[in-house]
Amino acid sequence: MAVNENPEILLYPRIRKSPFFYASRRHGVAKYSVYNHTYHPRHYGDPVAEYWHLVNGVTLWDVGVERQIEITGPDAFAFTNMLVPRDLTKCAVGQCKYVFITAPDGGIINDPVLLRLGENHFWLSLADSDVLLWAQGLAYNSGMDVRIREADVGPVQVQGPKSREVMVDLFGQDVMDVPYYFCREYELDGMQVVVSRTGYTSELGFEIYLKEASRDGVRLWDTVLQAGEPHGIQVIGPCHLRRIEGGILAWGSDIGLDTNPFEVGYGYEVSWMVDLDQEADFVGKEALTRVRDNGISRKLVGVEIGGEPLGTYNDGSMIDVFPVHEPGSSGAPVGKVTSACHSPRLERNIGFAMVPIHLAALGTELTVHRPGGQVPAVVVEKPFVDPKKMLPKQDLRSLAATS
């Protein structure tokens, strides 16, 4: 066991370090979590201050924990189209897609961002669950000619309304032509990178995927930080305050193997996430067809929660789920709050809750057992802020003309 400069943080050699670990810890990491078997900076001391840096300025994140599963070979398209329930014939080269990887029973194994770099070249930018062995096992039994490996690629996120200025300084005016959920390859000071208009914030933002990351991670970090200094860039952790406001789900909290896309709002309402009419016979298609036809018995909803302000989620205030009861009931819980926080902008407690379908309608009153006792809650619309996702979708050329 090795000890960080902070004596309260113990580092274990069996847990991996991201390509940016030694650079990001210079900024005073206050808490680490483990994500994809890798140390992940959770925050740097004040998650609320980090939130305001994000929504008002520009921030840099170490997200090297987003391991990249690379799929190549003559059958890479057919295999990847079998792996996910989205119809990838609608995904152009140079485009990104938010996807689910589904199990045979329809459960959600992972919810990565997929990048299509070539006709038969894909990256899966993983959330926090193992996918490499799952994909390799499927390939072994598929008879398809594919190669699946974990690529030496590490991403950082540059997020916030001033991220455009930082990225222009790094890559030139051309970067403003990258549309939302598309990507483009660049060379930066001899480093090969892929830049995408994606992020975990529902704010304007980018991700920079560094090739040969184990070699050049610290150099990329310092290059981005230097370009961001004139624009007030701040290093922060994953901003769960903003992702909850934006309706972004977290694998292992809001979604997982025990949930299916229809239960979490990505089946009926967002039918393109699970395209049951496509020709491809993806994993879980039969089970999800039954779910669609038979209906669901529970649903993930947005909730406002009463009582004193909750924490920031990122500070450990959601160590356990909060049980949900029907109002006035003293019986067993009927559901659970899966993510919650006190929104600094909305000045109220918000979150997601998995509840029986008869309690899922907007305006339904609930009771939540949270730290401090039972409090009233109500089902509300989500996302809570910018429901049409207009902030991250902004046209950068138009934005530059008006600034």
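Residues numbered from 1 in each chain as written. Predicted model: local features only at pLDDT ≥ 70, side-chain atom pairs only at ≥ 80, totals over all residues. Heavy atoms only, no water.

**Quick look at the packing of helix 5 (residues 163-171) against helix 6 (residues 213-228)**
Now for step 1: Following both chains from N to C, one finds helix 5 and helix 6 inclined at 120°, their axes separated by 9 Å at the closest point. Viewed along their axes, helix 5 and helix 6 adopt a mutual orientation that is oblique. Here helix 5 runs over helix 6; the crossing is right-handed. On helix 6, the residues touching Val166, Asp169 and Leu170 of helix 5 are Thr223, Val224, Ala227 and Gly228.
Now for step 2: Here the residues of the contact of helix 5 with helix 6 are counted per class, giving 4 nonpolar, 2 polar and 1 charged. (Axes fitted to C-alpha atoms, helices over the stretch in contact; angles between N-to-C directions. Helix = DSSP H or I, 4+ residues; strand = E, 2+ residues; numbered from the N terminus. Parallel < 35°, antiparallel > 145°, perpendicular 65-115°, else oblique. Left-handed = near helix turned anticlockwise from the far one by under 90°. Contact = heavy atoms within 4.5 Å. Nonpolar A, V, L, I, M, F, W, Y, C, P; charged D, E, K, R; others polar.)

**Considerations on the layout of surface pockets**
Now for step 1: Taken as a whole, the second largest pocket spans an internal volume of roughly 270 Å³.
Now for step 2: Lining the second largest pocket, in full, are Lys31, Arg42, Gly252, Ser253, Tyr313, Gly316, Met318, Ile319, Asp320, Val321, Lys336 and Thr338.
Now for step 3: A breakdown of the residues in the lining of the second largest pocket according to their chemical character gives 4 nonpolar, 4 polar and 4 charged. (1 Å grid on protein atoms, 1.4 Å probe; cavity = no way out; pocket = protein on both sides within 12 Å on 5 of 7 lines; lining within 4 Å. Points joined across faces, edges and corners; volume = space filled by probe spheres on them.)

**Regarding the pairing of strand 14 (residues 183-188)**
Now for step 1: Of the pairings in the sheet, the one linking strand 14 to strand 15 (residues 191-196) comprises 6 bridges and is antiparallel in character. Counterpart to tyrosine 186 in the pairing with strand 15 is valine 193.
Now for step 2: Where strand 14 folds back on strand 15, the antiparallel hairpin that results is connected by 2 residues, among which aspartate 189 adopts a positive phi of roughly 50°. (Pairing = 2+ DSSP bridges.)

**Brief notes about the pairing of strand 21 (residues 348-356)**
Now for step 1: In terms of burial, strand 21 is largely enclosed, as 8 of its 9 residues are buried.
Now for step 2: The pairing of strand 18 (residues 298-305) with strand 21 spans 8 bridges and is classified as antiparallel. Counterpart to valine 303 in the pairing with strand 21 is glycine 351.
Now for step 3: Pairing of strand 20 (residues 335-343) with strand 21 involves 7 bridges; the strand directions are antiparallel. (Buried < 20%, exposed > 50% of the residue type's maximum accessible area, 1.4 Å probe, protein only.)

**Examining unusual backbone geometry**
Now for step 1: That bond from lysine 382 to proline 383 is cis: its omega, 0°, falls within 30 degrees of zero.
Now for step 2: Tracing the sequence through the fold places proline 383 in the loop between strand 23 (373-380) and helix 9 (396-402).
Now for step 3: Phi is positive for asparagine 36, close to 55°, though the residue is something other than glycine.
Now for step 4: Here asparagine 36 is to be found in the loop between strand 3 (31-35) and strand 4 (38-43).
Now for step 5: Look at asparagine 36 and you get buried, because its relative accessible area is 4%.
Now for step 6: A positive phi is found at glutamate 347, a non-glycine position, where the angle reads about 55°.
Now for step 7: Tracing the backbone shows glutamate 347 in the loop between strand 20 and strand 21.

**Observations concerning the side chain of threonine 102**
Now for step 1: Following the sequence through the fold, threonine 102 ends up in strand 8 (residues 101-102).
Now for step 2: Only 2.8 Å separates the side chain of threonine 102 from the backbone oxygen of valine 283, close enough to count as a polar contact. (Polar contact = N/O pair within 3.5 Å; in protein donor to acceptor, adjacent residues only side chain to side chain.)

**A short note on the sheet that holds strand 11 (residues 121-125)**
Now for step 1: Here we have 5 strands laid out as an open sheet, ordered 7-10-11-6-12, and antiparallel in their pairing. The sheet terminates laterally at strand 7 (96-98) and strand 12 (147-150), the two strands that pair on one side only. The mean angle between the axes of side-by-side strands here comes to 20°, regardless of whether they run parallel or antiparallel.
Now for step 2: Examined bridge by bridge, strand 6 (residues 68-72) and strand 11 share 5 bridges and lie antiparallel to one another. Across the sheet, residue threonine 72 finds its bridge partner in strand 11, namely histidine 121.
Now for step 3: The sheet strands contacting helix 4 (residues 132-142) are strand 6 and strand 12, and the helix crosses strand 12 at an angle near 170°.

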